[in-house]
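Survey of secondary and tertiary structure
For reference, the chains in residue letters:
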Amino acid sequence: MARVGIYGATGYTGFELIKILARHPEVEIAFATARSAAGQLLSDVFPTLIDLPLVGVEEADLSGVDLVFTCLPHGAPELIPLVRQALERGVKVVDLSDTFRLVNAEDYQRRRGREHPAPDLLTAAVYGLPELHRERIRAARLVANTGCYPLTAILPLWPLVRAGLIADQTVIVDSKSGVSGAGRSLSLRTHFGETHETFSAYNVGRAHRHLGEMEQETGLHIIFAPHLLPVFRGILSTIYVTLRPHTSLAEARAAYAVFADEPFIKLLPEGRLPELRHVQQTMYLAIGLQPVEPEMGRYIIVATVDNLLKGASGQAVQNMNLMLGLPETLGLM
Ligand SMILES: NC(=O)c1ccc[n+]([C@@H]2O[C@H](COP(=O)([O-])OP(=O)(O)OC[C@H]3O[C@@H](n4cnc5c(N)ncnc54)[C@H](OP(=O)(O)O)[C@@H]3O)[C@@H](O)[C@H]2O)c1
């Protein structure tokens, strides 16, 4: 059995990770950390989960641990020291934050307007999208798990890029996310009174911090408009793309044959578009392709994913399986 640890186990992604790992046949949980709930049992926080003691990050014991998941919020100051400590002890890391997702420090500086806190780790990290980087993930010591919004843009667009079908390099990605995407910590923007029976856009244009990885992995110029949906889980992205004039639907769909053996990607039949309920509580990314004006190359793609599973913790386990030499879908089907 491989031994794994979880930093930030009491958040939304931590909760999902523990549900998956608790029934994974080749893994045992060595430790789980919490901040406010340190000293309690995991079952005190989530009564349906196991009676695992929750410790503070400084008390986590890395002895005999093979891999850790870091599920801390974006920008947590503890993250870099924890990642360094694990790597120095020979422990592999899957990080769920966006800290290590860009391939170089110059791009990070340009996009975020500040220096990366650990450029050496950025260089060492592999972008954790198995469908694109499977072999590099197998050999990686530090994997930067793909972001939830980016997943719904990169995977639907990449086959079309690869097939050379995209005519206009500027693509609009209009995404709607359930509120769990913002994590479990209290915030005015995501509390019930502010999200119930309303619908809002935020960080539109080129402002969102997930834009960089979308452009890095597709090579496209993306106009991104994220929205907050009054539901708990799931992301639906509507993508407006211009392909080469007169690209037929059959030709466009044929590009997705590259995903034919991917266990978690579903290209829906012609005429079907995915809904959130098709993917909620599942590992699937569902893609629907709709011609709008094919003579002009205009298509709409709709993609949906569960932000907490294929969009975060499920994909983190997929990456873990690859890094530990286990069957990629173990514990996930
Ligand atoms: N939510 C999603 O859909 C999603 C999808 C993809 C990626 N991600 C990324 O995954 C990471 C975790 O997200 P999440 O939604 O699980 O966050 P979350 O619900 O806010 O949980 C964060 C966890 O980290 C702990 N924590 C917070 N600040 C800490 C600190 N300074 N030091 C040590 N522990 C700390 C929290 O404990 P307390 O509760 O005691 O503070 C909690 O256990 C984030 O970087 C996020 O961007 C999230």
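This part takes up the site of the ligand. Near the ligand lie 26 residues; those nearest to it are Thr 10, Thr 13, Ser 36, Leu 72 and Arg 184. Within the side chain of Glu 78, an N or O atom sits 2.8 Å from a nitrogen atom of the ligand. In isolation the ligand exposes 900 Å². Once the protein is present, 91% of that is buried. Counting only elements with at least two residues in the shell around the ligand, the list comes to α1 (12-22) and α12 (309-323). Among the residues making up the shell around the ligand, the classes are represented as 10 nonpolar, 13 polar and three charged. Here the shell around the ligand spans two domains, since at least three of its residues come from each of domain 1 (2-146 + 311-323) and domain 2 (148-307).

Strand order in this open sheet of seven strands is β9-β10-β8-β11-β14-β13-β12, and the pairing throughout is mixed. Edge positions in the open sheet fall to β9 (200-201) and β12 (265-267), since each of these has one partner strand only. When strand β13 (residues 285-293) meets strand β14 (residues 298-305), the two strands line up antiparallel, connected through eight bridges. Along β14, the bridge assignment pairs Glu 293 with Arg 298. Packed on one face of the sheet, helix α7 (residues 148-162) meets β8 (170-177), β10 (221-228), β11 (235-242), β12, β13 and β14 and runs near 35° to β11.

One way to put it is that helix α6 (residues 130-138) packs onto α12 with a least axis distance of 9 Å and a crossing angle of 35°. Here the hand of the crossing between α6 and α12 comes out right-handed. Along the contact surface, α6 presents Pro 130, Glu 131, Arg 134, Ile 137 and Arg 138, while α12 presents Lys 310, Gln 315, Gln 318, Asn 319, Leu 322 and Met 323. Of the residues in the contact of α6 with α12, the class split is four nonpolar, three polar and four charged.

This part takes up the packing of aromatic side chains. Counted according to the given criterion, the structure contains five aromatic pairs. One Lys or Arg, Arg 189, reaches over the ring of Tyr 202 and ends 4.5 Å from the middle of that ring.

To continue, consider the side chain of Ser 313. Mapped onto the fold, Ser 313 is located in helix α12. Given the relative accessible area of 0%, Ser 313 is considered buried. Of the polar contacts made by the side chain of Ser 313, one reaches the backbone oxygen of Thr 13; its length is 2.7 Å. Excluding anything up to four places from it in sequence, Ser 313 contacts Thr 13, Glu 16, Leu 17, Ile 20, Leu 96 and Leu 308.

Take the nonpolar core next. The biggest cluster of nonpolar side chains holds 40 residues, and the ones touching the most others in it are Leu 157 and Ile 301. The greatest single-element share of this core, amounting to nine residues, is contributed by α7. Residues from two domains meet in this core; each of domain 1 (2-146 + 311-323) and domain 2 (148-307) gives at least three. Beyond its immediate chain neighbours, meaning those up to four positions away, Ile 301 contacts Pro 156, Leu 157, Leu 160, Ser 237, Thr 238, Ile 239, Val 241, Tyr 256, Ile 287, Gly 288 and Leu 289.

What counts and how
Numbering of residues begins from 1 in every chain and follows the order in which that chain's sequence is written. A pLDDT threshold of at least 70 governs which residues receive local features in this predicted model, and a stricter bar of 80 or more applies before side-chain atom pairs are shown or counted, although totals over entire chains, interfaces and linings include all residues. Side-chain numbers here rest on the full set of heavy atoms in the structure, without hydrogens or water. When at least one non-hydrogen atom of a residue lies within 4 Å of a molecule or strand, that residue is treated as near it. Two N or O atoms form a polar contact when they lie within 3.5 Å of each other; inside protein one atom must be a possible hydrogen donor and the other a possible acceptor, and for residues adjacent in sequence the pair counts only when both atoms belong to side chains. Where accessible areas are quoted, they stem from the Shrake-Rupley method and a 1.4 Å probe; at the residue level, only the protein chains shown are allowed to cover. A run of DSSP states H or I qualifies as a helix once it reaches four residues; a run of E qualifies as a strand once it reaches two. Both are numbered from the N-terminal end. Under this grouping Gly is polar, as are all residues other than the nonpolar Ala, Val, Leu, Ile, Met, Phe, Trp, Tyr, Cys and Pro and the charged Asp, Glu, Lys and Arg. How far each domain reaches was decided by an automatic or database domain assignment. One requirement defines pairing of two strands: DSSP has to find at least two bridges between them. For this analysis, residues touch if any pair of their heavy atoms sits within 4.5 Å. The convention used is that axes are lines fitted to C-alpha atoms, helices contributing only their stretch in contact, and that angles between N-to-C directions extend from 0 to 180 degrees. By definition, turning the near helix anticlockwise from the far helix through less than a right angle yields a left-handed crossing, and turning it clockwise yields a right-handed one. Only Phe, Tyr and Trp rings are paired, with Trp represented by its six-membered ring, and only when their centres lie within 6.5 Å; those with planes under 30 degrees apart are stacked, over 60 edge-to-face, the remainder tilted. A positively charged side chain is recorded as over a ring if its NZ (Lys) or CZ (Arg) lies within 6 Å of the ring centre. The angle to the ring normal must also be within 35 degrees. Any residue under 20% of the maximum accessible area for its type is buried, any over 50% is exposed, and the rest in between are partly exposed; the area is computed with a 1.4 Å probe on protein chains only. To define a nonpolar core, start from buried Ala, Val, Leu, Ile, Met, Phe, Trp, Tyr and Cys residues and group those joined through side-chain atoms within 4.5 Å.

Any link to function would need more than the numbers given here.
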